[in-house]
Amino acid sequence: MEFKLEAHRIVSISLGKIYNSRGQRGGIKLHKNLLVSLVLRSARQVYLSDPCPGLYLAGSPVPPPQPGEPAAGPPAGWGEPPPPAARAAWPEPETPPERPAGPDARRAVDAEPAAPGAGDTLQGGEEPAGGAAAEEEEMETGNVANLISIFGSSFSGLLRKSPAGGREEAEAEESGPEAAEPGQICCDQPVLRDINPWSTAIVAF
Amino acid sequence: MVSLSLWEADIISTVEFNHTGELLATGDKGGRVVIFQREPESKNAPHSQGEYDVYSTFQSHEPEFDYLKSLEIEEKINKIKWLPQQNAAHSLLSTNDKTIKLWKITERDKRPEGYNLKDEEGKLKDLSTVTSLQVPVLKPMDLMVEVSPRRVFANGHTYHINSISVNSDCETYMSADDLRINLWHLAITDRSFNIVDIKPANMEDLTEVITASEFHPHHCNLFVYSSSKGSLRLCDMRAAALCDKHSKLFEEPEDPSNRSFFSEIISSVSDVKFSHSGRYMLTRDYLTVKVWDLNMEARPIETYQVHDYLRSKLCSLYENDCIFDKFECAWNGSDSVIMTGAYNNFFRMFDRNTKRDVTLEASRESSKPRAVLKPRRVCVGGKRRRDDISVDSLDFTKKILHTAWHPAENIIAIAATNNLYIFQDKVNSEMH
């Protein structure tokens, strides 16, 4: 589980870097972008292969049963405010899991850590203080939202495909991650259908 | 176009001694080159014991705009390489991302006086006042250093140039970008030979780029280039025109216990340098420096940890982009000591014979003239001594990426952002 969280965080940071590199003086640095895309690929593989319950994107208090999931279901405390340690890396620690709709991508980020136990495993040295984290994460998830619109809806497993660019409704979220099989490309642009979404990071330049 | 702030333009981007060590050139982000000259040691002025003073400053590259690609080309000087001196003039190559220039540096310390047709200010004389002929004579004048661009090697590279290297034949040099290496003749600017091309047919298949390259110091047919995957390829230009097939491939298998999301980034080689002897190569990746023997491809013969305490912080360093910092490395004149930079304005030296290493700091406080540098220590928890720095209080904005070692003596040049430090070891030439 911890790997999945870290993987997602790394994915969003990486996407932010690729996005920002487009405006860099001197043109896109091929070396750096290659390295970022390799990290992106690793993180995506870990994210998709980590056999733990998918990250529910709207803070639904009763996640549907998962195949292979133990009978106990999600760990106790699901839906309650997670322990402070878990929230330290994410913005707005006091926000309860169910919140009014905010920026699209931010919902994805905020809802994920509502899994107790995740906080224990986040690397101690890397969690910024709460307030600072709010601003940092805001920028990063803002980038993710922008990238989502750039790459179309080619992100499977992270956000449910939607014509509005990713806005989710809580009640429609039950089958979110399962609907998108790992590796499946949900895309409404025919030309991108056959291209691995992560490698389009290179091709886009 | 965005222009650099005054402060940013001063950031030093490369440092290089010439072959005798008499001159030291620095390039900066603003496209300028500053050359320092070592004052000759004289008994009359014992205080200026061979110190370096500014010799010449000139604007090498200007920002350009590629209208076709709608891209700005940075004026930052990526590398400077001196040509071996062949006459009274000095020559150097300087390069930014796209264009290499050959500069000639000459001294003028005499000027002709006593012209017949013009006076000392250069104005034409009234001919009626001229009654006799005189031969102009050369009179001494204040030293003037003149720099002129002799060649401009443009349009050779699609990608960003990361290194240049002058061949031991003194006639050719090579320039490397992310995917290609070109061979130039110093006298010919309108064409170059492509000797390495690793661009895949489909850019989506791209897995590695060229990160640095250098000619062998003695064998004019051999050169090495390093890759982002951590490998070194030694190529022989006699073997084929296109040196895509390496003669030797130097690669160390990855340690599976160290695998992380960032394994690939930290194994990317940021610098490669042949030893003066030509027998060894020195490489720098994010956490280590390694010495390779040209006769052994399977693994390096020596590996030194520069700042292994950062291994657990790679995610943060990825976030703040520090993991992409490209540190250089250097040999001393006798190939017995290697040096490289780190963070917090620290730099590290490793003695290959005694296996001792030291961490020193380049800062104004520690660098009063004739002060002795105090070794520093980074503590990683556990027992902390009085002057230790803890890992968490390291300043990652203070990075020493560029260092150079005098070819013969124990004099080092350290670039700390926009400051240049020159340290000389007067007392002894041995490492403590």
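Residues numbered from 1 in each chain as written. Chains lettered and ligands numbered in written order. Predicted model: local features only at pLDDT ≥ 70, side-chain atom pairs only at ≥ 80, totals over all residues. Heavy atoms only, no water.

Draft legend 1. Seen up close, the overall build of chain A. Looking only at helices and strands, one finds 8 helices and 0 strands in chain A. Sequence-ordered secondary structure for chain A, helices as α and strands as β, is α-α-α-α-α-α-α-α. Looking at chain A as a whole, 52% of its 205 residues qualify as buried. Within chain A, counting contacts between residues at least 6 apart in sequence, those at least 24 apart form 75% of the total. Counting only carbon and sulfur atoms, one obtains 57% of the accessible surface of chain A, whose full area is about 9300 Å². (Helix = DSSP H or I, 4+ residues; strand = E, 2+ residues; numbered from the N terminus. Buried < 20%, exposed > 50% of the residue type's maximum accessible area, 1.4 Å probe, protein only. Contact = heavy atoms within 4.5 Å. Areas by Shrake-Rupley, 256 points an atom, 1.4 Å probe, with all protein chains shown as cover.)

Draft legend 2. Representation of the packing of aromatic side chains within the structure. All names here are of chain B. This structure, assessed with the given rule, holds 18 aromatic pairs over all chains. Relative to W292, the ring of F250 has its centre 6.2 Å away and its plane inclined at 80 degrees; by these criteria the two rings are edge-to-face. Highlighted residues: F250 in strand β18 (residues 248–250) and W292 in strand β21 (residues 288–293), separated in sequence by 42 residues. Judged by its relative accessible area of 0%, F250 falls in the buried class. By relative accessible area, which is 2% here, W292 ends up buried. For the ring pair F262 and Y318, a centre distance of 5.0 Å and an interplane angle of 40 degrees mean the geometry is tilted. On the criterion of sequence distance, the pair formed by F262 in the loop between β18 and α2 (263–267) and Y318 in helix α3 (residues 314–319) is long-range, its members being 56 residues apart. Take F262 and Y318: they sit in the same class, and that class is buried. Here the aromatic cluster, defined as three or more aromatic residues joined through ring pairs, consists of F261, F262, Y318 and F324. (Phe/Tyr/Trp six-rings, centres within 6.5 Å; stacked < 30°, edge-to-face > 60°.)

Draft legend 3. Here's a closer look at the sheet that holds strand β4 (residues 52–59) of chain B. Residue and element names in this part refer to chain B. In space, the 4 strands of this open sheet follow the order β1-β2-β3-β4, with antiparallel pairing throughout. Among the strands making up the open sheet, the edge pair consists of β1 (12–17) and β4. Strand-to-strand twist in this sheet, taken as the mean axis angle between neighbours without regard to direction, amounts to 20 degrees. Across 5 bridges, the pairing between strand β2 (residues 23–28) and strand β3 (residues 32–38) is antiparallel. If you follow L23 over to β3, its bridge partner there is Q37. (Pairing = 2+ DSSP bridges. Axes fitted to C-alpha atoms, helices over the stretch in contact; angles between N-to-C directions.)

Draft legend 4. Geometry of unusual backbone geometry. Residues and elements named next belong to chain B. Despite not being glycine, S70 has its phi angle at roughly 55 degrees, a positive value. By the element assignment, S70 lies in the loop between β5 (64–66) and β6 (71–73). Even without glycine at this site, N344 takes up a positive phi of about 60 degrees. Among the structural elements, N344 can be located in the loop between β24 (337–341) and β25 (346–351).

Draft legend 5. Examining the interface of chain B and chain A more closely. If you look at the interface, chain B gives 34 residues, while chain A gives 32 residues. Together chain B and chain A conceal approximately 2900 Å² of surface at their shared face, both sides included; 60% is due to carbon and sulfur atoms. Viewed at the interface, chain A and chain B are joined by 6 salt bridges. When the shortest N-O distance is used, the salt bridge between R9 of chain A and E319 of chain B registers 2.7 Å. Applying the counting rule to chain B against chain A returns 12 residue pairs in polar contact (both at pLDDT 80 or more). (Buried area = accessible area lost by both parts, 1.4 Å probe. Salt bridge = Lys/Arg side-chain N within 4 Å of Asp/Glu carboxyl O. Polar contact = N/O pair within 3.5 Å; in protein donor to acceptor, adjacent residues only side chain to side chain.)

Draft legend 6. Fine view of the layout of surface pockets. One number sums up the size of the largest pocket: a volume of about 1600 Å³. Along the walls of the largest pocket sit 46 residues, with K29 of chain A together with K76, F324, D325 and L401 of chain B positioned nearest its centre. Considering each element in turn, the lining of the largest pocket owes the most residues, 4 residues, to helix α2 (residues 30–49) of chain A. Grouping the amino acids of the lining of the largest pocket by side-chain chemistry returns 17 nonpolar, 13 polar and 16 charged. (1 Å grid on protein atoms, 1.4 Å probe; cavity = no way out; pocket = protein on both sides within 12 Å on 5 of 7 lines; lining within 4 Å. Points joined across faces, edges and corners; volume = space filled by probe spheres on them. Nonpolar A, V, L, I, M, F, W, Y, C, P; charged D, E, K, R; others polar.)

Draft legend 7. Inspection of a nonpolar patch on the surface at higher detail. Taken together, the side chains of L117, L124, L127 and V130 of chain B make up a nonpolar region of the molecular surface, amounting to roughly 420 Å² of accessible area. With respect to the element layout, L124 of chain B can be found in the loop between β9 (100–113) and β10 (137–153). (Patch = residues over 30% accessible without salt bridge, like charges linked within 9 Å, V, L, I, M, F, W, Y side chains within 5 Å.)

Draft legend 8. Quick peek at the nonpolar core. Counting 53 residues, the largest nonpolar core has F262, Y286, Y318 and I323 of chain B as the members making the most contacts within it. Mapped onto this core, the elements with two or more residues apiece are α1 (2–21) and α2 of chain A together with α2, β20 (280–284), β21, α3, β23 (329–331) and β25 of chain B. Broken down by element, this core gets its largest block of residues, 9 residues, from α2 of chain A. Contact partners of Y286 of chain B, with chain neighbours within four places excluded, come to I266, S268, H307, L310, L314, L317, C322, I323, D325, F327 and Y343 of chain B. (Core = buried A, V, L, I, M, F, W, Y, C linked by side-chain atoms within 4.5 Å.)

Draft legend 9. Region of the structure containing the packing of α1 of chain A against α2 of chain A. Residues and elements named next belong to chain A. The interhelical angle for the contact between α1 and α2, taken along N-to-C directions, is 155 degrees, at an axis separation of 8 Å. By the angle class used here, α1 and α2 are roughly antiparallel. When the axes of α1 and α2 are compared, the crossing they make is left-handed. Residues F3, K4, A7, H8, I10, V11, S14, L15, K17, I18 and S21 of α1 pack against N33, V36, V39, L40, A43, R44, V46 and Y47 of α2. Class assignment of the residues belonging to the contact of α1 with α2 gives a composition of 12 nonpolar, 4 polar and 3 charged. (Parallel < 35°, antiparallel > 145°, perpendicular 65-115°, else oblique. Left-handed = near helix turned anticlockwise from the far one by under 90°.)

Draft legend 10. How the structure looks around α2 of chain A. The terminal C-alpha atoms of α2 of chain A lie 28 Å apart, and with 20 residues this matches the ideal 28 Å at 1.5 Å per residue to within 8%. Within α2 of chain A, 15 of the 20 residues are buried, leaving the element largely enclosed by the surrounding structure. (Expected span 1.5 Å × (residues − 1).)

Draft legend 11. Seen up close, the confidence of the model for chain A. Looking at chain A as a whole, its pLDDT mean stands at 51, while 24% of the residues score no less than 70. Confidence, expressed as mean pLDDT per element, reaches its minimum in chain A at helix α7 (residues 176–179) of chain A with 34 and its maximum at α2 of chain A with 91. (pLDDT = per-residue confidence, 0-100.)

Draft legend 12. Here's a closer look at the pairing of strand β16 (residues 222–227) of chain B. All names here are of chain B. Most of β16 sits out of view: 6 of its 6 residues are buried. By the alternation rule, side chains of β16 split into L222, V224 and S226 and F223, Y225 and S227, which are all buried. Inspection of the sheet shows strand β15 (residues 210–215) paired to β16 by 5 bridges, in the antiparallel sense. Opposite I210, over in β16, you have S227 as the bridge partner. Connecting β15 to the antiparallel partner β16 that follows it, the hairpin turn spans 6 residues. Pairing of β16 with strand β17 (residues 232–236) involves 5 bridges; the strand directions are antiparallel. From the neighbouring strand, F223 faces β17, where its bridge partner is C235.

Draft legend 13. Spotlight on the environment of A415 of chain B. All names here are of chain B. Its place among the elements puts A415 in strand β30 (residues 411–416). A residue is classified by how much of its surface remains accessible, and A415, at 2% relative accessible area, is buried. The spatial distance from the C-alpha of A415 to the C-alpha of G341 is 9.2 Å, given a sequence separation of 74 residues. If near-sequence neighbours (up to four positions away) are discounted, A415 is found in contact with I12, V15, K399, I400, L401, H402 and L420.

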